[in-house]
Amino acid sequence: MSGLLAPDDPAPVLLEQATGGAPFVLTCDHAGLAIPEALADLGVPEQERVRHIGWDIGALGVARELARVLDAPLIAQRYSRLVIDCNRPPHSADLIPERSEAVAIPANCNLADAARQARIGAIYEPYHTAIRTVLDGRAASGQETIFVAIHSFTPIYLDSPRPWQLGVLYGRDRRLAQVLLTRLGSDGGLTVGDNQPYRIDGKDYGIPEHALARGLANVLFEIRQDLITTADAQQAWASRLAELLVAAHADLRAGRAAAI
């Protein structure tokens, strides 16, 4: 463990099926609620820490089941995004937030550079190194890779309802997103967000750093968290996404993709 993490603190990275044979690699940036023992509760009440500001509710359950069904590697990050947000660039002001929505995070205010670097070294760097290691290994062996990030979002944000059940997010490379959106367009049971409720931009790190920089087809799924609060619901969504991804991969191989 690093100087920040005590022996009883969980390792920052959960890696499952590292040698999975599927063409997909899955990540879950906001999978956990852990806080290093040295940081206590960050000065944030538990009822606030367990909300969406602390993690992506339900996302890890979906990601683990999806990885199992697809036989795909999963790299997930166990610490709360209130400690450090692993989907932000390392020099971002939001990397270690002083406030999330209306909630102040006292332990993050006026943070000394050494304390900031300790969190980066203990949690952020090991997570992104694990992703790079998996991707490098697949590239070296000539294994096809499609990068899939799993997140969840709140049904209401700052008093504004969000009608989407699933968001398909992408940046400048929309190859995979386009075939996914085309297929989802025929599913009358879903309200799907096209780059909603967010879009991948300069605030994001995972897709730009690990997928766009390598030229990998990619997508970020945002699932509305009230739909994935139970194990059964998470399994159902994983099954739905697995079927969708396999079909979209076939579309890509057949050349039915939008131009970058």
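Since the structure is predicted, the reported quantities are computational estimates derived from the model, not experimental observations.

What follows concerns the overall build of the chain. Secondary structure assignment for the chain yields six helices and 11 strands. Computed over C-alpha atoms, the radius of gyration of the chain comes to 18 Å, within 12% of the 18 Å expected from 2.2 N^0.38 for 260 residues, which places it in the range of a compact globule. Judged by the C-alpha coordinates and their principal axes, the chain covers about 50 × 45 × 35 Å. Taking all 260 residues of the chain together, 52% fall into the buried category. Counting only contacts in the chain whose residues sit at least 6 apart along the sequence, the fraction spanning at least 24 positions is 81%. Accessible area for the chain stands at about 11,300 Å²; split by element, carbon and sulfur atoms hold 50% of it.

Attention shifts here to the packing of aromatic side chains. A full pass over the atoms with the stated rule returns one aromatic pair. A ring pair is formed by Tyr-124 and Tyr-205, whose centres lie 5.7 Å apart and whose planes are at 35°; its orientation type is tilted. Of this pair, Tyr-124 sits in helix α3 (residues 113-140) while Tyr-205 sits in the loop between β10 (192-194) and α5 (206-211), and the two are 81 residues apart along the sequence. Each member of the pair, Tyr-124 as well as Tyr-205, carries the same accessibility label: buried.

Moving on, we get to the pattern of salt bridges. Counting across every chain of the model gives 12 salt bridges. In this structure, Arg-51 engages Glu-48 in a salt bridge whose closest nitrogen and oxygen atoms are separated by 2.8 Å. Between Glu-101 and Arg-51 there is a salt bridge, and its shortest N-O distance comes to 3.8 Å. Of this pair, Glu-101 sits in the loop between β4 (99-100) and β5 (103-104) while Arg-51 is found in the loop between α1 (46-49) and α2 (59-70), placing the two residues 50 residues apart along the sequence. What makes Arg-51 partly exposed here is its relative accessible area of 31%. The structure contains a network of salt bridges with shared partners spanning Glu-48, Arg-51 and Glu-101.

Moving on, we get to the environment of Ala-22. Tracing the backbone shows Ala-22 in the loop between β1 (13-16) and β2 (24-28). With 102 residues separating them in the primary sequence, Ala-22 and Tyr-124 have C-alpha atoms 26 Å apart. Each residue touching Ala-22, except ones within four places of it in the same chain, is listed here: Leu-70, Asp-71, Ala-72, Arg-138, Gln-143 and Glu-144.

Attention shifts here to α3. Along α3, the helix axis deviates most sharply at Gly-121, where the bend reaches about 40°. Within α3, burial applies to Arg-119, Ile-120, Ala-122, Ile-123, Tyr-124, Tyr-127, His-128, Ala-130, Ile-131, Val-134, Leu-135 and Arg-138. Contacts made by the buried residues of α3 are with β1, β2, β3 (74-77), β6 (146-153) and α5. One or two positions beyond α3, positive phi appears at Gly-142, with a value near 75°.

Looking now at the sheet that holds strand β11 (residues 218-224). In space, the seven strands of this open sheet follow the order β1-β3-β2-β6-β11-β9-β10, with mixed pairing throughout. A strand with exactly one partner marks an edge of an open sheet, and here the two such strands are β1 and β10. Averaged over all pairs of adjacent strands, the angle between their axes in this sheet comes to 20°, without regard to strand direction. Summarising the sheet, β1 and β3 pair through four bridges and their orientation is antiparallel. Bridge pairing in β3 links Glu-16 to Leu-74. Strand contacts of α2: β1, β2, β3, β6 and β11, with the helix running at about 165° to β2, the strand carrying the most contacts. Packed on one face of the sheet, helix α6 (residues 231-253) meets β2, β6, β9 (166-169) and β11 and runs near 155° to β11.

Reading the values: the criteria
Residues numbered from 1 in each chain as written. Predicted model: local features only at pLDDT ≥ 70, side-chain atom pairs only at ≥ 80, totals over all residues. Heavy atoms only, no water. Helix = DSSP H or I, 4+ residues; strand = E, 2+ residues; numbered from the N terminus. Rg over C-alpha atoms; globule rule 2.2 N^0.38 Å. Buried < 20%, exposed > 50% of the residue type's maximum accessible area, 1.4 Å probe, protein only. Contact = heavy atoms within 4.5 Å. Areas by Shrake-Rupley, 256 points an atom, 1.4 Å probe, with all protein chains shown as cover. Phe/Tyr/Trp six-rings, centres within 6.5 Å; stacked < 30°, edge-to-face > 60°. Salt bridge = Lys/Arg side-chain N within 4 Å of Asp/Glu carboxyl O. Bend = angle between axes of the 7 residues up to and from the residue. Pairing = 2+ DSSP bridges. Axes fitted to C-alpha atoms, helices over the stretch in contact; angles between N-to-C directions.

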